Each structure stands twice: as structure tokens, then as C-alpha cells.
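Listed below are the residues making up each chain.
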Amino acid sequence: MNIGVIVTIAGPAHTESDGVKGSPRKRIEKAKATSQLLMGSPAASCDVLGQSIMDRVVARLRSFGAQRISIISEGKLAACTATSANASLYRAGSTPGFWPAWDSVVSDYLTQGIETLLLVRLGPYVELDLLDLLRFHGDTASPLTQVYKGQTALDLVVVDAAPLRNGTGSYRSRLSALIPQRQRYAFTGYANRLAEPADFRRLVHDALLGRCAIRPVGREVRPGIWYGVNARVDRSATILAPAFIGAETCVEASCTISGASSLERQCEVDYGTTVDDCCVFPGTYLGMGLNVRHALVKGSRLFHLNRDIEVELSDSRLIGTTAPSRQLGRRARSVLAPNGTFGSSLVTRSSQLASLLTTRRFGRSS
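The structure contained in this document is the topic of the report that follows. (Residues numbered from 1 in each chain as written. Predicted model: local features only at pLDDT ≥ 70, side-chain atom pairs only at ≥ 80, totals over all residues. Heavy atoms only, no water.)

1. Structural notes on the environment of Leu-38
Note the threshold: Numbering goes from the N terminus for both helices and strands, where a helix is a DSSP run of H or I of at least four residues and a strand is a run of E of at least two. Residue contacts are defined here by distance: any two heavy atoms, one from each residue, within 4.5 Å place the two residues in contact.
Checked against the element boundaries, Leu-38 lands in strand E2 (residues 37–38). With 159 residues separating them in the primary sequence, Leu-38 and Pro-197 have C-alpha atoms 6.6 Å apart. Excluding anything up to four places from it in sequence, Leu-38 contacts Ala-43, Cys-46, Pro-197, Phe-200, Phe-281, Leu-296 and Lys-298.

Right under this line is the structure:
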């Protein structure tokens with residue numbers, strides 16, 4: 001397949017004044033611009049059931065035969081994972097800047113003899129049939145095709161290389177000149193705009209219920225329950241389907257995981273804690289005796305979905321990173337009775353911690 005793909009990792013929200021006059025970002029029809037940052041990170045870089053959205057999209061593109069894939073970030077992207085690094089080119093948008101990097105990638109593709117470009121912005125998660133889109137684009141004989149979901153334009157564009165190669169000015173200005181000739185491709189598959197935390201939570205929920213193509217990375221130990229590599233769940237813990245326990249994640253004694261919750265890689269849920277209807281991001285520690293519900297949790301940050309509020313907790317005994325939690329876990333074991341049940345000191349302590357999280361921060365959880 002002689003196609004070059006440019007995957008843009010969306011950053012902070014852009015306004016009209018942010019765009020360069022005549023730039024494709026400004027002139028190509030699309031939904032209202034929103035920030036694609038999720039708890040401080042690009043949504044595309046966040047793990048969903050054991051693999052980042054970015055890696056899943058790259059893998060999907062490769063499954064359709066796309067080999068030349070470049071990744072550019074609109075903002076700072078600290079790292080890319082192994083799958084994404086295998087794309088033909090990776091450049092951070094901060095240096096030398098997004099548009100110079102974009103123009104450079106297009107120039108490289110045209111020099112390599114690429115016939116068609118696919119421009120993808122993540123942004124939204126879309127399960128696109130690339131072959132069908134390319135077929136439609138070829139049948140219309142239009143130099144540019146944009147994907148639409150109903151009346152909403154998506155950040156997915158197919159453009160012929162020839163007019164870009166033969167035009168004048170920057171490549172983005174050449175692309176802008178083609179927009180009036182665009183055709184609309186009506187997309188009817190799964191799409192999630194990932195514009196707010198509730199959208200991310202819905203994506204995870206849909207994946208666990210099989211409503212989209214995302215599948216958990218791990219083994220299904222019981223119907224609807226997946227464990228990643230080296231996940232450890234205490235025998236006294238209760239895991240209710242559907243649920244995902246990521247690689248090297250630890251669920252301690254007397255915990256309950258329910259409500260289609262996902263615990264990503266290298267998390268720890270300490271003794272007696274309940275996690276219901278939550279997404280817990282990689283490397284997160286949840287303290288003893290907590291009742292965490294309807295939330296996204298990433299390190300010390302917690303976004304409560306019902307109350308639409310994000311807080312950062314300074315007390316690492318509540319939530320934090322897993323690095324210091326190993327010592328806390330060992331301290332928790334030291335207060336267990338010899339038969340493995342909770343001692344009275346732990347019951348008192350866990351009740352205080354649960355009260356602090358559910359009452360002082362958010363009021364009584366429901």
C-alpha cells in the first residue's frame with residue numbers, strides 16, 4: 001500500500017487565533033476544538049486495558065497494510081511506547097515546532113514517491129475501515145476526502161500527493177487550497193470524541209463490554225475478567241465481571257473491584273479498598289480501606305465523574321504512586337492478625353482514610 005500516514009497527537013485546546021492563517025487546522029471543517037489532555041497527558045498516550053490508544057491506532061493502521069507511519073505531537077510528549085517507536089518517524093511537536101515538523105514529514109513522503117496521504121489526529125478514537133475509505137476516495141476522483149460521523153467532521157483526511165507535490169507555497173497552504181474540492185465520507189462505525197473524562201471512561205466501559213474493537217491485553221481468567229502478565233490478586237479479594245487487572249498490578253486482601261473497573265499496569269490496591277466504576281491509570285496506589293467510586297485516578301489526582309471535579313490529594317496514604325506504596329503495604333501486613341484477618345488498629349485506620357476521601361473531599365458517595 002503506497003500510502004503515507006501522519007498521526008498527530010492532539011495537545012491543549014486551540015482557538016482561532018492560535019492557527020496560522022490559511023492552515024488546514026483552521027480551515028478543514030471539524031467539531032468544536034477542545035483540549036485532548038486527560039489529567040495532564042494527551043488522551044492518545046493513555047492506556048486502555050493494557051495498551052495506549054496511540055499504539056492501538058498504529059497497530060490498526062498496520063493491519064490494513066499502512067507501513068509508512070509518522071507521529072507528531074502538537075505539544076510535549078515525554079515518551080512514546082515500543083509499538084509507536086516502530087513507526088517510520090517520530091517527532092515531538094515542541095521542537096522544531098508542529099508545522100515545520102509536519103511540512104518536513106510531508107516533504108519526506110513526497111520524495112519517497114508516496115501517492116496518497118492519510119492525516120489522522122488523536123484526538124478522537126475512531127475505528128475506521130481504511131481500505132473502504134481509500135476505495136471511496138478513489139471512486140470520487142476528488143483530491144481530498146474528509147471523514148464525517150453524521151454531520152460532524154472528524155479529524156481524518158485522505159489527500160492525493162500529486163497536487164501537494166506540484167503546488168506552490170508551504171505544504172499546509174497547498175492542502176488548504178484543496179479543501180473546497182473535498183468529498184465527505186460517511187462513517188458509521190465506532191467513534192469516541194475523547195473530549196472529556198467521561199468519554200474516556202465510556203471508552204473503557206465499551207471495550208470491556210465488547211462494544212468496540214479494543215480488547216484487553218492479558219488472559220481471561222474467568223468470563224469477563226482479564227489479568228495482565230504478573231498481575232497478583234489476593235484470594236480474599238472480590239473481582240466482579242467485567243474487570244481488567246493490568247500487568248504487575250497488585251490487589252490486596254479483602255478488596256472489591258466492580259462496576260466495569262480497569263486497573264492498568266503496575267497499580268496497587270491496598271487492603272480492604274473498594275473500587276467501583278473507575279479507571280485507575282498506570283502506576284497508581286490506592287490506600288487501605290477506601291471506597292473509590294465513579295472516578296478516574298492517576299497518581300495523586302482523582303477526577304470524580306458524577307461531580308465533574310478533579311482534586312489532587314497530598315496525603316500519599318490515600319492515593320499516590322506505587323513507588324512508596326510498597327513500604328506502606330508492608331506496614332499494612334504488619335498490623336494483620338496472625339491468621340491473616342484485620343487487626344483492630346487497621347480497622348480504625350482504614351475507616352479514617354475512607355472517611356477522608358469520600359466525605360471531606362466529595363461528600364458521601366452514592
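2. A few points about empty space enclosed by the protein
Put simply, the rule reads: Cavity means a closed set of points on a 1 Å grid over the protein atoms alone, one where a 1.4 Å probe fits but cannot get out, pocket means an open set with protein on both sides within 12 Å along at least 5 of 7 lines, and lining means a residue has an atom within 4 Å of a point. Grid points are joined across faces, edges and corners, and a volume is the space filled by probe spheres set on the points. Residues are grouped as follows: Ala, Val, Leu, Ile, Met, Phe, Trp, Tyr, Cys and Pro are nonpolar; Asp, Glu, Lys and Arg are charged; all remaining types, including Gly, are polar.
For the coordinates displayed, the defined rule picks out 3 cavities of 30 Å³ or more. Around the second largest cavity sit 15 residues that line it, and Val-57, Val-120, Val-126, Leu-128 and Leu-156 are the ones nearest its centre. Looking at the lining of the second largest cavity, the elements that each hand over two or more residues are helix H2 (53–63), strand E8 (116–122) and strand E11 (152–160). Among the elements that take part in the lining of the second largest cavity, E8 stands out by supplying 4 residues, more than any other. Counted by class, the lining of the second largest cavity contains 12 nonpolar, no polar and 3 charged residues.

3. Things to note about the packing of helix H4 (residues 98–111) against helix H7 (residues 171–178)
How two helices pack is summed up by the angle between their axes together with the distance between the axes. This is how the line gets drawn: For helices, the axis comes from a line fit to the C-alpha atoms of the stretch in contact; other axes are also lines fit to C-alpha atoms, and the angle between any two N-to-C directions lies between 0 and 180 degrees. Roughly parallel refers to an angle under 35 degrees, roughly antiparallel to one over 145, roughly perpendicular to one between 65 and 115, and oblique to any angle outside these ranges.
Where H4 contacts H7, the two axes come as close as 9 Å, and the packing angle between them is 80 degrees. Judged by the angle between their axes, H4 and H7 are roughly perpendicular. Here Trp-99, Trp-102, Asp-103, Val-106, Ser-107 and Leu-110 of H4 come into contact with H7, specifically with Tyr-171, Arg-172 and Leu-175. Class assignment of the residues belonging to the contact of H4 with H7 gives a composition of 6 nonpolar, 1 polar and 2 charged.

4. Structural notes on the packing of aromatic side chains
We count it as follows: Pairing of aromatic rings covers Phe, Tyr and the six-membered ring of Trp, with a centre-to-centre limit of 6.5 Å; geometry is then stacked below 30 degrees between planes, edge-to-face above 60, and tilted otherwise. Burial here depends on accessible area, computed with a 1.4 Å probe over protein chains only, as a share of the maximum for the residue type. Under 20% is buried, over 50% is exposed, and the range in between is partly exposed.
In this structure the tally under the stated criterion is 5 aromatic pairs. Summarising the aromatic geometry, the rings of Phe-98 and Trp-99 are spaced 4.8 Å apart at their centres and angled 75 degrees between planes, so their arrangement reads as edge-to-face. Residue Phe-98 is classed as buried on the basis of its relative accessible area of 11%. Looking at Trp-99, the relative accessible area reads 11%, which means it is buried. Members of the aromatic cluster, each reached through a chain of ring pairs, are Phe-98, Trp-99 and Trp-102.

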